[in-house]
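Survey of secondary and tertiary structure
In case you want the letters, here they are:
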Amino acid sequence: MGKNMITASIVAFHTNHRDLSRLLDCVMRSSIETLYIIDNSTNDELRDFVKGNPRIQYIHSLNLGYGSGHNVAIKKSIEANADYHAVLNPDIYWDGNVIEELEHFMDATPGAGLAMPKIIYPNGETQFLCKLLPTPMDLIGRRFIPVKSYQDKHDHNYELHWTGYDKIMEVPSLSGCFMFMRVSVLREIGGGFDERYFMYAEDLDLCRRIGEVSKTMFFPKVSVVHEYEKGSYKNKKLLKYHITSVIKYFNKWGWLFDSKRKEKNQYCINSLK
């Protein structure tokens, strides 16, 4: 292992063994010292699947939500005085030294509290997961206005397509599918995710809170594959979770009046032009 202590967490919910096994292979090849698997499933059948590996801590938990699950691990990471903690989706995988390169980048960038690698689809196409802080129209309009010309124009700006996604940049909103975070910053902001969000928008909220005390960085020198399915576009229950979380987010940070949002977004755009 390297000089830094790196921990990671996965929140599982009846996760299929193929996805989990593939991700475990990546983790075991990396410098991650401890992987916490927080299993929110209705049973603990994954316990036997991962038993016997000294680098894995399996915890079966009540399903209190995605952020709550990761917070179990983040709390343990803070108590262990880890240097970095990675939040991983179960449908992520990678080749090469992704964790080590992120570690080196964060070591060399002490002002950074969070880094996200380039995220790609299995076919190699880029997933546009670098975003500005959203207005209500950004989240509601792009979900419920099914006009392709409108969505394309909107996403070009909101998801920063025009940057090319080929350079290191400070971005105010990064995806929760892969978050590599400095544990001292998590400690500074009072822990991990806001547990009022059951699912969706918890990554936006955490990224914003980290961004208030440090930099949130996109690091495209390494990439990971994400089998992104946009579940809330297909499942009414997930859509309900999504809408509920968006309302909670804007109730917390402001709907129309959010001066910090405007300031952050303008700073991001100006710094990238």
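This text follows the structure it describes.
Residues numbered from 1 in each chain as written. Predicted model: local features only at pLDDT ≥ 70, side-chain atom pairs only at ≥ 80, totals over all residues. Heavy atoms only, no water.

Observations concerning helix H10 (residues 259-272)
- Look at H10: 20 Å from first C-alpha to last across 14 residues, which is about the 20 Å you get at 1.5 Å a residue.
- Along H10, the residues classified as buried are Arg261, Asn265, Cys268, Ile269 and Leu272. One side of H10 holds all its buried residues, which, seen down the axis, span an arc of 95°. Seen from the buried face of H10, the exposed residues on the opposite side, beyond 90 degrees, are Ser259, Lys262 and Glu263. (Helix = DSSP H or I, 4+ residues; strand = E, 2+ residues; numbered from the N terminus. Expected span 1.5 Å × (residues − 1). Buried < 20%, exposed > 50% of the residue type's maximum accessible area, 1.4 Å probe, protein only. Arc of directions from axis to C-beta.)

Structural notes on empty space enclosed by the protein
- The tally for this structure, following the rule as stated, stands at one cavity of 30 Å³ or more.
- As a volume, the largest cavity reaches approximately 30 Å³.
- Taken together, Leu133, Pro172, Cys207, Arg208, Gly211, Thr216 and Lys264 make up the lining of the largest cavity.
- If you tally residues by element for the lining of the largest cavity, the top one is helix H8 (residues 202-211), at three residues.
- A breakdown of the residues in the lining of the largest cavity according to their chemical character gives three nonpolar, two polar and two charged. (1 Å grid on protein atoms, 1.4 Å probe; cavity = no way out; pocket = protein on both sides within 12 Å on 5 of 7 lines; lining within 4 Å. Points joined across faces, edges and corners; volume = space filled by probe spheres on them. Nonpolar A, V, L, I, M, F, W, Y, C, P; charged D, E, K, R; others polar.)

Some thoughts on the pairing of strand S4 (residues 84-88)
- Taken across its five residues, S4 has five buried, putting it largely inside the fold.
- Burial of S4 is two-sided: the residues Tyr84, Ala86 and Leu88 facing one way and the residues His85 and Val87 facing the other way are all buried.
- Inspection of the sheet shows strand S1 (residues 6-12) paired to S4 by five bridges, in the parallel sense. Within the sheet, the bridge partner assigned to Ile6 lies in S4 and is Tyr84.
- Strand direction decides the pairing type here: S4 and strand S8 (residues 178-182), joined by five bridges, are antiparallel. (Pairing = 2+ DSSP bridges.)

As for the packing of H8 against helix H9 (residues 236-253)
- Two numbers describe how H8 lies on H9: the axes approach to 10 Å, and their chain directions differ by 25°. As summarised for this structure, H8 and H9 are arranged roughly parallel, according to the angle between their axes. Facing H8, whose interface residues are Leu204, Asp205, Arg208 and Arg209, H9 presents Tyr249, Lys252 and Trp253. (Axes fitted to C-alpha atoms, helices over the stretch in contact; angles between N-to-C directions. Parallel < 35°, antiparallel > 145°, perpendicular 65-115°, else oblique. Contact = heavy atoms within 4.5 Å.)

Quick word on the pairing of strand S2 (residues 34-39)
- Burial within S2 is extensive, with six of its six residues counted as buried.
- Burial along S2 is two-sided: Thr34, Tyr36 and Ile38 facing one way and Leu35, Ile37 and Asp39 facing the other are all buried.
- Bridging between S1 and S2 involves six bridges; their strand directions are parallel. The residue bridging Ser9 from the neighbouring strand is Tyr36, located in S2.
- Handedness of the crossover joining S1 and S2 through helix H1 (residues 17-28): right-handed.
- Relative to strand S3 (residues 56-60), S2 runs parallel, the two being bridged by five bridges. (Right-handed = clockwise from strand over helix to strand, strands pointing away.)

Focus on unusual backbone geometry
- We note that Leu160 has phi near 55°; this positive angle belongs to a residue other than glycine.
- With respect to the helices and strands, the residue Leu160 is situated in the loop between helix H6 (148-158) and strand S7 (169-170).
- In this structure, Tyr200 is a non-glycine residue whose phi angle is positive, near 80°.
- Topologically, Tyr200 is positioned in the loop between helix H7 (183-188) and H8.

Brief notes about a nonpolar patch on the surface
- On the surface, a cluster of nonpolar side chains totalling about 640 Å² of accessible area is made up of Ile140, Ile243, Ile247, Trp255, Leu256 and Phe257.
- Relative to the assigned elements, Trp255 resides in the loop between H9 and H10.
- Classification of Trp255 by relative accessible area gives partly exposed; the value is 33%. (Patch = residues over 30% accessible without salt bridge, like charges linked within 9 Å, V, L, I, M, F, W, Y side chains within 5 Å. Areas by Shrake-Rupley, 256 points an atom, 1.4 Å probe, with all protein chains shown as cover. Salt bridge = Lys/Arg side-chain N within 4 Å of Asp/Glu carboxyl O.)

Some words on the nonpolar core
- Within the largest apolar cluster, 74 residues are counted, with the highest numbers of intra-cluster contacts made by Ile37, Leu88, Trp94, Cys130, Phe178, Phe180 and Met181.
- Those residues within four positions of Phe180 in sequence are excluded, and the remaining contacts are Ile6, Tyr84, His85, Ala86, Ile99, Leu102, Glu103, Met106, Gly113, Leu114 and Ala115. (Core = buried A, V, L, I, M, F, W, Y, C linked by side-chain atoms within 4.5 Å.)

Quick notes on the side chain of Glu103
- With respect to the helices, strands and loops of the structure, Glu103 is situated in helix H4 (residues 98-108).
- Within the buried set, Glu103 has no salt-bridge partner at all; the shortest N-O distance to an opposite charge, 5.6 Å, is to Lys3.
- Residues contacting Glu103, with those up to four places away along its chain left out, are Asn4, Ile6, Ser31, Tyr84 and Phe180. (Lys, Arg positive; Asp, Glu negative; His and termini not counted.)

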